[in-house]
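The residues making up each chain are set out below.
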Amino acid sequence: MAKAKKVLSTVLVALFTVFTVLSYVPAQTTKAAAGPTKITIVAKPQAEYKVGDRVIVKFNSAPYKGKVQYRAFLWKVGVGKVKELYPGYSKDYFYKAVCPGTSTFTIDVLYVTEPGTYEIVVGVKASGAKASTAKYVNVGRFVVKAKEEAKVEIKELVNPADVTVDEGAVATLPATVKAVMTDGTEKEVAVKWDAVDTTKAGEYTVNGTVEGTTLKPAVKVTVKAVAPTATVSAVGVKKLEVKFNKAVDDTKAKFEVKKDSILVNTEKVEFAADKKSAVITMATNLTKGEYTVSVSGLTETAISVKVTVDDVKVAKINILSTKAPRLSGNDKRALVSYEVLNQYGEKMTGQTISWTISTGKSVYNENTIDGTFEIEAAGTSDFIPGQIVYITGVHAASATVVNAQVEIALEAQANEVLFKGVYDTTNLKLVDLPAGFTDNRYVLLFQVKDQYGNIMSSPNLSKLVFTSNNPLFVSSDTANGAFAVSSDVTLDGATYKAVALKAGSSVNNGGTVTIQAISSVTGKISTYTVEAKALAAVKTFTMSAPSKMIAETEKVEIPFTAVDQYGNAVTKYSQLNGNVTLSPLYNGTGTSGLKFEEQNDGTAKLYYYAPATGASDNVDLPVYLTSIVTNGGNFSSLMVSVKEKARPTTIVGLDSTKSTYIAKGNYVDIEAADLIIQDQYGRTMTDSAVNAWVDAASENSIVVESTSTNSAFQVLLNNSDSVTQVISTTNSAVRIFAENNTNKTETIKFTLATGDNGANPVTVSTKSIVFTKVSKSEYVSFEVADFGKMYNNGNASAATPSTHNKTVKVYGVLANGTKVLLPAADYSLALTTSKLTTSGSIIVDVTSGGYAAADFVDNLGNAKDVKTTVIVTVNGDSGEALQILEKELVVSNEALKVATVTLDEDLVADGKAVINPTTGGVIDANKLKSVIYEVKDQYGVDFTENPVIIITNLVKVDGSTFTVTNNGTNSVSIANATMGDKFTATFKYASGLTVKVDFTVGLTQ
């Protein structure tokens, strides 16, 4: 019985538990059980978790005043209860141990292992109460998602090793870099590097991009400087291409081409965009032999490269179409088109080809320029469209053969126009048609194709109708010459038809125009579009105050800013003169006003010429200057003040070339221009201005006055000594002579005066200059200037010309290092040879018993120089020797030749000069040689030789017809030189010395 009770009790407990659990149904499907909620939620679970995350929920049961017990289980929506959260309390029906109801209870033992939607269900009862009294509540629903595996990403990129590359070469960078991953592993990943510029030497950091990360690797690239080198090859019948190992400065590169040491004229040099190559176009065809190209200006010594060239030859013959159209009005004949190419792929004309035709007939009317010939049907029959004819052509000299077949077709008709472009008949080149173009200069080039695609050599142009859709720019008035047929033009071996372009009524405004060519036979329309911006025109013109003051009769530059309608600066004389009205306007000598003056580069400068009167010492002359832009009326004004005419007012010093230390018995000559003179405005006057002032008739002079009657110096004028002397012309000079007395220094006054007699000195114009006489006892040493090599004619019976005498210069050296030239009387000369002699301070050849030619030849017959010693004895006042100096003199018999050429630094800067042609653009040899300041032989003596002049590197501006005659001779001449033309003149002397000057043509004078 007891056993039966025990079993029954167990069953009842189990049933109670089941019914208790089943009494909970999710709230969203069933109404909650009746009665008050006993559980208060303090912290719900979060909305979403990952598998394996810890789930926490907090609550209390404050309505219970005493102890309570909790039961909690995990409920999976759509499945049911998953597990009890406190399975260890099964004996208490899974109720947690007793705790106060008012205390917060935390469930933090839940770890969900499967994805899904879950709820935590909590039941509560009073401690000791039956389980059936428990109240159940859902304390939180949440979603559990599958846990993603941790993504392995790039954590760090390791920069590769530095890379070194030669300048101009391609830098080879690594294709991959090492990546350190977030899981600690390493691997190589692909990298794309930024562009590397190796055109300039230096150190550069180049960044890379790796897919999948924002991290960027970097590599240090060192570009090593390398000297430019070059290769050369023939690329055309008149063209040589020079390729460099790196980009070069095209503004510095100068090219010279020679064949067997003979200079070859070049037409132009064109650099590629990357500056790594240049094509030289010769003036004539290349011929068989070796060519040497020298490139100077890029390295210390010119780059020299050679190429061997063959004569131009036939390399290929092509039949240009498979169709041979019958001739108009002659069905027995058909036309065949062909081309002949040289080894460079260029078209050749005038070649003799032996043709064999399968009809058995000869070819007729062959045109070796256009590349056409006629074939004739066999016998007396006509050609039938579709008939096949076989053709063989042989060029015997090159053994070049072509075999082809053509199909006879119906007569050719003008069908399509292939436009080449606009051709400038003045400059003989293709150009963009400019706004403002003039009639009779520009033509439109084209070729005509027939319906079979053949280029027609003699199309019927009357079958083509040309029109313009913008007659304001390009006229379509054929009655007045628009699209009139012009002469054919040949470019690069191809012949083009041409029609004239006539300016429209508003040609200066430019615009867009489409020119149509319509075939009246087939109706096919061909088009060519031209765009041109309107001519730039001055829109605004503003004058600014001059940077310098201006006095009467002077001119001063007036700065200005001119801007066109596009916002670009306008500087050209041609665009300003006549388009800006100036007031007052300068009208010529003796007037005042504003004037545009054209410069050698075609730009304009604006000058104001001041009037000769109107100002005084105390009152300036105000002048109001205005400008008005002719088109638009933009106005500018400027007030300038003209001061009284400048005049010398103060002598401030002596030119540095004149020494104030003078050896006893020696002298210095002083002219007006040797004095530094300022005008009343503190401006130093030029030598020419001083000379002009002194030379003014009976007006001005300079008084030179000795301050002592017992002076150290004589003041001489025309060998006449006087305390006061007057310099009244530029041809007169005073001589300050150091007398033979004990006085050491003397102050000599120089004063400006009006009147040639110096009677009216200018107040405060005097400059006192102290001259110091140097006695022999004051010198600490003496020295002899270098002689240089002396020339001798090698004729013992005839003296060498006096031009090659040697003047000895002896200096006394003071303690402060100052060198003072001694007079010849202070020393004597002796030679260790009798084959030369002396005359005062000059070494001269003897008239007999001098050097013979044999003296200048050694035992082996080789030329040699002769050496002798010059003995200089510096004498004291009593005739005693103060010092004896010996100096070696080298005497040579080498024939006179040009050794040095000095260019006029006022005309030539950095080897560049502007040259002004005379009327007709004429530049003769004398004008070219005007840049040469002096020519000396190897002995330092002036030498006269008429050099050969070679004109090269000609670059002509638009419209120029620059021509050279007698090039490579000493009578070279240039005609039609136009401002802006550029060329190089090489002056070559018999000695082999050459001098180059890069000329730019300036204004015609």
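For every chain, the first residue of the written sequence is number 1, and numbering continues from 1 onward in sequence order. Predicted model: local features are reported for residues with pLDDT of at least 70 only, side-chain atom pairs are reported and counted for 80 or more only, and whole-chain, interface and lining totals are derived from all residues. Based on all heavy atoms of the structure, the side-chain values leave hydrogens and waters out of the count.

Draft legend 1. Structural view of the overall build of the protein chain. Secondary structure summary: the protein chain contains four helices and 83 strands in total. Principal-axis analysis of the C-alpha atoms places the extent of the protein chain at approximately 175 × 115 × 80 Å. Reported accessibility uses the Shrake-Rupley method at a 1.4 Å probe radius. Residues are deemed covered only where the shown protein chains occlude them. Just so you have it, the protein chain exposes about 51,800 Å², and 50% of that area is on carbon and sulfur atoms. Note on conventions: DSSP H or I runs of at least 4 residues are helices, E runs of at least 2 residues are strands, and numbering of each starts at the N terminus.

Draft legend 2. Representation of the UniProt feature "domain: Bacterial Ig-like" (unreviewed entry) in the protein chain in the model. UniProt positions are given in the numbering used here, feature names are shortened, and annotations may be inferred rather than shown by experiment. Summarizing the sequence annotation, UniProt attributes the feature "domain: Bacterial Ig-like" (unreviewed entry) to residues 159–213 in the numbering used throughout. From the first C-alpha to the last, residues 159–213 spans 15 Å; its make-up is 0% helix and 45% strand.

Draft legend 3. Layout of the side chain of Ser321. You can see Ser321 is positioned in the loop between strand 25 (314–319) and strand 26 (323–327). Residue classification places Ser321 among the buried residues on the basis of a relative accessible area of 13%. Polar contact criterion, stated in full: a pair of N or O atoms within 3.5 Å, where within protein one must be able to donate a hydrogen and the other to accept it, and residues adjacent in sequence count only if both atoms are side-chain atoms. Reaching out from Ser321, the side chain makes a polar contact with the side chain of Asn454 at a distance of 2.5 Å. Only heavy atoms matter for contacts: two residues are in contact if any of them lie within 4.5 Å across the pair. Setting aside chain neighbours within four positions, we find Ser321 in contact with Ser337, Val406, Tyr452 and Asn454. Relative accessibility decides the category of a residue: with a 1.4 Å probe and only protein chains considered, values under 20% of the type maximum give buried, values over 50% give exposed, and everything between is partly exposed.

Draft legend 4. Layout of the sheet that holds strand 60 (residues 734–738). Pairing within the open sheet is antiparallel, and its four strands lie in the order 54-60-57-58. The sheet is open, and its two edges are formed by strand 54 (667–670) and strand 58 (720–721), each paired on a single side. A pair of strands is treated as paired once DSSP finds two or more bridges between them. Here strand 54 runs beside strand 60; their pairing, made up of four bridges, is antiparallel. Within strand 60, the residue paired with Val668 across the bridge is Ile736.

Draft legend 5. The sheet that holds strand 72 (residues 866–875), seen in detail. As summarised here, the arrangement of the four strands in space is 65-73-72-69, forming an open sheet in which the pairing is mixed. The open sheet has two edge strands, strand 65 (790–791) and strand 69 (827–831), and neither has a second partner. Here strand 69 pairs with strand 72 via five bridges, running antiparallel. Bridging from a neighbouring strand, Ala830 pairs with Ile871 of strand 72.

Draft legend 6. Expanded view of the side chain of Glu241. On the secondary structure map, Glu241 appears in strand 18 (residues 239–244). In this tally, Asp and Glu contribute negative charge and Lys and Arg positive charge; neither His nor the terminal groups of the chain are included. For this analysis, a salt bridge means a side-chain nitrogen from Lys or Arg found within 4 Å of a carboxyl oxygen belonging to Asp or Glu. Although Glu241 is buried, it makes no salt bridge; Lys243 carries the closest opposite charge, 4.1 Å away. Beyond its immediate stretch of four places on either side in the chain, Glu241 contacts Thr231, Val232, Ser233, Val235, Ser277, Ala278 and Val279.

Draft legend 7. Here's a closer look at the packing of aromatic side chains. The rule is short: rings of Phe, Tyr and Trp, with Trp giving its six-membered ring, pair when the centres are within 6.5 Å, and they are stacked under 30 degrees, edge-to-face over 60, tilted in between. Inspection of the entire model under this criterion finds 28 aromatic pairs. Feature note: the residues Phe419, Phe446, Phe466, Phe483 and Tyr528 constitute an aromatic cluster, connected by ring pairs. For a lysine, the NZ atom is tested; for an arginine, the CZ atom; a charge sits over a ring if that atom is within 6 Å of the ring centre and within 35 degrees of the ring normal. One Lys or Arg, Lys533, reaches over the ring of Tyr566 and ends 4.1 Å from the middle of that ring. One residue, Lys555, lies across the ring of Tyr607, its end atom 4.2 Å from the ring centre.

Draft legend 8. Region of interest: the nonpolar core. Each nonpolar core is a collection of buried residues, namely Ala, Val, Leu, Ile, Met, Phe, Trp, Tyr and Cys, held together in the definition by side-chain atoms within 4.5 Å. One finds Leu433, Phe437, Phe446, Phe466, Phe473, Val474 and Leu501 to be the most contacted residues of the largest nonpolar core, which totals 30 residues. Secondary structure elements with two or more residues in this core: strand 34 (416–424), strand 36 (442–449), strand 38 (464–468), strand 41 (511–519) and strand 42 (525–532). One finds Leu654, Met685, Phe750 and Phe771 within the second-largest nonpolar core, a separate group that totals 27 residues.

Draft legend 9. A look at helix 3 (residues 687–695). Looking at helix 3, one finds that the buried residues are Val690, Trp693 and Val694. One face of helix 3 carries all of its buried residues, which in axial projection span an arc of 95°. More than 90 degrees from the buried face of helix 3, the exposed residues found are Ser688 and Ala692. Of all possible arcs, the one meant is that of the directions from the helix axis to the C-beta atoms.

Draft legend 10. Structural detail: unusual backbone geometry. Between Ser583 and the following residue, Pro584, the backbone shows a cis peptide bond with an omega angle of -10°. Within the element layout of this structure, Pro584 appears in the loop between strand 47 (580–583) and strand 48 (593–598). The phi dihedral of Ala399 falls on the positive side, at around 60°, and the residue is not glycine. In this structure, Ala399 sits in the loop between strand 32 (388–395) and strand 33 (400–409). Its identity is not glycine, yet Asn976 carries a phi of approximately 60°, on the positive side.

Draft legend 11. Region of the structure containing the confidence of the model for the protein chain. Looking at any residue, its pLDDT shows the predictor's confidence there, from 0 to 100. Here the protein chain shows a mean pLDDT of 89. Residues at 70 or above account for 96%. Counting contacts from residues 1–35, a segment whose pLDDT is below 50, to residues more than four positions away or on other chains yields 24 contacts.

Draft legend 12. Region of interest: the environment of Ala324. Relative to the helices and strands, Ala324 is located in strand 26. Using a relative accessible area of 0% as the deciding quantity, one classes Ala324 as buried. Separated by 191 residues in the primary sequence, Ala324 and Ile515 place their C-alpha atoms 30 Å from one another. Here Ala324 is in contact with Ala334, Leu335, Val336, Val406, Glu407, Ile408 and Ala409, once residues within four sequence places are set aside.

Draft legend 13. How the structure looks around the environment of Lys929. The topology assignment puts Lys929 in helix 4 (residues 925–929). Counting along the chain gives 55 residues from Lys929 to Thr984, while the straight-line C-alpha distance between them is 13 Å. Sequence-distant contacts of Lys929, defined by excluding residues within four places in its chain, comprise Asn946, Pro947, Ile949 and Phe987.

Draft legend 14. Quick peek at the pattern of salt bridges. Taken as a whole and assessed by the stated rule, the structure comprises 39 salt bridges. The partner of Lys81 in a salt bridge is Glu84, with the nearest N and O atoms 2.9 Å apart. A residue is classified by how much of its surface remains accessible, and Glu84, at 9% relative accessible area, is buried. The partner of Lys555 in a salt bridge is Glu597, with the nearest N and O atoms 3.2 Å apart.

Draft legend 15. Just the pairing of strand 13 (residues 186–190), in detail. The pairing of strand 12 (residues 176–181) with strand 13 spans five bridges and is antiparallel. Looking at strand 13, one finds that Val177 is bridged to Val189.

Draft legend 16. Here's a closer look at the environment of Lys220. Mapped onto the elements, Lys220 comes out in strand 16 (residues 218–224). Separated by 62 residues in the primary sequence, Lys220 and Met282 have C-alpha atoms spaced 44 Å apart. If sequence neighbours within four positions are ignored, Lys220 has contacts with Asp162, Val163, Glu203 and Tyr204.

Draft legend 17. Spatial organisation of a nonpolar patch on the surface. On the surface, a cluster of nonpolar side chains totalling about 420 Å² of accessible area is made up of Tyr624, Ile628, Phe635 and Met639. For the nonpolar patch, the secondary structure elements donating two or more residues are strand 50 (621–629) and strand 51 (635–643). With respect to the helices and strands, the residue Tyr624 is situated in strand 50. Patch membership is restricted to residues that have no salt bridge and whose relative accessible area is over 30%. Joining uses 9 Å for like charges and 5 Å for the nonpolar side chains Val, Leu, Ile, Met, Phe, Trp and Tyr.

Draft legend 18. How the structure looks around the pairing of strand 67 (residues 810–813). As defined by bridge partners, strand 64 (residues 781–784) adjoins strand 67 across four bridges and the pair is classed as antiparallel. Residue pairing across strands places Ser781 opposite Val813, the latter belonging to strand 67. Inspection of the sheet shows strand 67 paired to strand 68 (residues 819–821) by three bridges, in the antiparallel sense. Following the sheet pairing, Val813 is matched in strand 68 by Lys819. Connecting strand 67 to the antiparallel partner strand 68 that follows it, the hairpin turn spans five residues, and Gly817 within it adopts a positive phi of roughly 90°.

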